[in-house]
Amino acid sequence: MNRALVIDDEEVIQDVIKRALQRHGISIREATSLQEARERLTQDYDLVFLDLRLPDGNGLDVLPLIRERLPYTPVIVLTAYGTVEAAVRALKLGAFDFLEKPFTLKDFENRVKEAIKFREVYRENIELKKQLDEAKGFGHIIGKTQRMIEVYEAIGRVANADVTVLIEGESGTGKEMVAREIHKRSGRSGKFVVFHCGNISPDLVESHLFGHRKGAFTGATQDKRGFIEEAEGGTLLLDDITTLPWETQAKLLRFLETREFVKLGETRSRRSSARILVASNEPLKKAVEEGKFREDLFYRINVVSIELPPLRERKEDIPLFVFHFLKEFSEKHNKRIKGIKEDAMKHLMNYSWPGNVRELKNALESAVILAKDEWIGVENLPDWIARNKPISPSRIELGKKSYRELLEEFERTLILKALQEAGGVQKKAAELLGMNPSTLNMAMKRLGLK
């Protein structure tokens, strides 16, 4: 910041402002009327001071022109005692702040410091928008780090190749987005279909995947098309593939090798040209070693693999995500959010993000909803991010609760910590705690955790 415009007809005020700004290395240009202000606005300024009472009219009359020509420049309104109501109207028209005359030098310098910081943050947000536009060559997949550049290159190589692709990465890293982008660039005329294998009862997985005939089993009251049929001519993403039952894995292997499948309740084979993409939250090779996944199916699937890095390993991309999500949720919730404050961004950069991009997205949607002004601050962030401290048993206070209550509080703390690190995925949290998912689920119900 190096130049300010002072629109005020009082020589004393102009002199005070000039002396104060010189301490910050800021030079000024002066305007003593609305007409002169309009002439001065042909140039750029980093800060504007605007008096509401001018010889040829009200300062509010020139404020829209300032906002039009200098959209990123903070405007501090100078108002005499008794005209605060007019200053409030100025804020609604886009002024940054107002200062009531007579003001002290300390008050003035505090306003200047805040305006300078505002201008710097605004510039950073504008730069982020520019970087985001440059990084959006792959739809909604965002990132400019070397790891993400490698992901982009892999997508480009496999999009038109009719091969199975294995997409690996922690929960919340954006595996489905990568699959969608592969489908989009493949030129296939069919639909993009997602089958979340872990969300279906093992007894019904085969029916959902391949379809069934009426009467094939109890409850099959009508014919059903499976996901493979739904994806005919398009792409089918099998998400959370390690949860696929062993018997269904064998039938999937047969389909990948022959392009043929049999519906439940039928004997004849059907063909499908659906392209199969596979996603896994855990390394598929590890699942093979643990006996949870067929080795022959693994080698058939692992023709080409893409690994998505967790957010903690590409923190340089966090500002890009922040700007993208703030824009998205501002429009969704009809809020006027200009950007994020420096201290809030530091908290986001320092957090470990166990839930990856999904957790960041949820945190920012919450922040937009809770925001009371146009800038996201630390006070708008979820508590565990704002504190930026892991949940610790040391927070439990002794002497105020019974032994059983303390045990329950400690248990609740451990479970919340595990859920936090697992990104809200109960199965993964149970693994971290070394217990069965059903045991964890019962403990959560007992403790009233959702």
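Because the structure is predicted, anything quoted here is derived from the model rather than measured.

How each quantity is defined
- Residues numbered from 1 in each chain as written.
- Predicted model: local features only at pLDDT ≥ 70, side-chain atom pairs only at ≥ 80, totals over all residues.
- Heavy atoms only, no water.
- Helix = DSSP H or I, 4+ residues; strand = E, 2+ residues; numbered from the N terminus.
- Rg over C-alpha atoms; globule rule 2.2 N^0.38 Å.
- Buried < 20%, exposed > 50% of the residue type's maximum accessible area, 1.4 Å probe, protein only.
- Contact = heavy atoms within 4.5 Å.
- Areas by Shrake-Rupley, 256 points an atom, 1.4 Å probe, with all protein chains shown as cover.
- Lys, Arg positive; Asp, Glu negative; His and termini not counted.
- Charge placed at Lys NZ, Arg CZ, Asp CG, Glu CD.
- Pairing = 2+ DSSP bridges.
- Axes fitted to C-alpha atoms, helices over the stretch in contact; angles between N-to-C directions.
- Polar contact = N/O pair within 3.5 Å; in protein donor to acceptor, adjacent residues only side chain to side chain.
- Expected span 1.5 Å × (residues − 1).
- Parallel < 35°, antiparallel > 145°, perpendicular 65-115°, else oblique.
- Left-handed = near helix turned anticlockwise from the far one by under 90°.
- Nonpolar A, V, L, I, M, F, W, Y, C, P; charged D, E, K, R; others polar.
- Phe/Tyr/Trp six-rings, centres within 6.5 Å; stacked < 30°, edge-to-face > 60°.

*Asks:* Any chance you could explain the overall build of the protein here in plain terms?
*Replies:* If you tally the helices and strands in the protein, you get 19 helices and 18 strands. Here the C-alpha radius of gyration of the protein, 30 Å, is well above what a compact globule of 450 residues would show, namely 22 Å. Dimensions of the protein along its principal axes, counting C-alpha atoms only, are 95 × 65 × 40 Å. For the protein, the proportion of its 450 residues judged to be buried stands at 47%. A separation threshold of at least 6 residues defines the contact pool for the protein, and within that pool the share at least 24 residues apart is 67%. With an accessible surface of roughly 23200 Å², the protein has 49% of that area assigned to carbon and sulfur atoms. Of the side-chain charges in the protein, 74 are positive and 70 negative, and the distance between the mean point of each set is 3 Å.

*Asks:* Help me out: how do you make sense of the sheet that holds strand S12 (residues 235-239) in this one?
*Replies:* Sheets are built from strands that pair by backbone hydrogen bonding, the pairs being arranged parallel or antiparallel. With parallel pairing, the 5 strands of this open sheet are ordered in space as S9-S12-S15-S8-S16. Of all strands in the sheet, those bounded by a partner on one side alone are strand S9 (192-196) and strand S16 (304-307). Along the sheet, successive strands turn relative to each other by an average axial angle of 20°, direction set aside. Pairing of S12 with strand S15 (residues 275-280) involves 4 bridges; the strand directions are parallel. Considered in S15, the bridge of leucine 236 is made with isoleucine 276. Strands strand S8 (165-168), S9, S12, S15 and S16 of the sheet are contacted by helix H7 (residues 175-186), whose axis makes an angle of about 155° with S9.

*Asks:* So what exactly am I meant to see when it comes to the side chain of serine 171 here?
*Replies:* Looking at the element boundaries, serine 171 is found in the loop between S8 and H7. For serine 171, a relative accessible area of 11% translates into the label buried. Here the side chain of serine 171 touches arginine 358 through a polar contact of 2.9 Å, side chain to side chain. Those residues in contact with serine 171 that sit more than four places away from it in its chain are Asn281, Gly355, Asn356, Arg358 and Val425.

*Asks:* I'm lost on H7 in this one. Help?
*Replies:* Residues spaced three or four apart along an α-helix point in a common direction, a consequence of the helix completing one turn every 3.6 residues. Between its first and last C-alpha atoms H7 spans 17 Å; for 12 residues at 1.5 Å apiece the expected length is 16 Å, and the two agree. Considered for burial, the residues of H7 that qualify are Lys175, Val178, Ala179, Glu181, Ile182, His183 and Ser186. In this structure, the buried side of H7 is in contact with helix H6 (146-158), S8, S9, S12, S15 and S16. Backbone geometry just after H7 places glycine 187 at a positive phi near 80°.

*Asks:* Where do I start with the sheet that holds strand S3 (residues 47-51) in this structure?
*Replies:* The strand order across the open sheet built from 5 strands is S2-S1-S3-S6-S7, with neighbouring strands paired in parallel fashion. Taken across any chain shown, the strands that pair with only one partner, and hence form the sheet edges, are strand S2 (27-31) and strand S7 (97-100). Neighbour-to-neighbour, the strand axes of this sheet turn through a mean angle of 20°, independent of strand direction. When S3 meets strand S6 (residues 75-79), the two strands line up parallel, connected through 4 bridges. The residue of S6 that forms the bridge with aspartate 51 is leucine 78. Across the sheet, helix H1 (residues 11-22) touches strand S1 (3-7), S2, S3 and S6, and the angle it forms with S2 is around 165°.

*Asks:* How should I be thinking about the packing of H6 against H7 in this particular structure?
*Replies:* The description of two packed helices rests on the angle between their axes and on the distance between the axes. The contact between H6 and H7 brings their axes to 9 Å, and the two run at 40°. In terms of axis orientation, H6 runs oblique to H7. The way H6 lies across H7 gives a crossing that is right-handed. Residues Val151, Ile155 and Val158 of H6 form the contact with H7, whose own contacting residues are Val178, Glu181, Ile182 and Arg185. When grouped by side-chain class, the residues that make up the contact of H6 with H7 number 5 nonpolar, no polar and 2 charged.

*Asks:* Teacher, can you tell me more about helix H13 (residues 318-332) here?
*Replies:* Relative to the 21 Å expected for 15 residues at 1.5 Å per residue, H13 spans 21 Å between its end C-alpha atoms, a close match to the ideal helical length. Burial runs high along H13: 11 of the 15 residues are buried. Within the span of H13, buried status applies to Ile318, Pro319, Leu320, Phe321, Val322, Phe323, His324, Phe325, Leu326, Phe329 and Ser330. At the C-terminal side of H13, asparagine 334 shows a positive phi close to 55°.

*Asks:* Please explain the packing of aromatic side chains as it appears in this structure.
*Replies:* One pair of aromatic rings is described through two measures. These are the centre distance and the angle between the planes. Summed over the entire model, instances satisfying the criterion amount to 9 aromatic pairs. Considering the side-chain rings of phenylalanine 49 and phenylalanine 108, the 5.3 Å spacing of their centres and the 25° angle between planes classify their relative orientation as stacked. Remark: phenylalanine 108 occurs in helix H5 (residues 105-135) and phenylalanine 49 occurs in strand S3; sequence separation between them is 59 residues. Accessibility classification places phenylalanine 49 together with phenylalanine 108 in one group, the buried group. Ring centres 6.1 Å apart and planes at 20° place the aromatic pair phenylalanine 325 and phenylalanine 329 in the stacked group.

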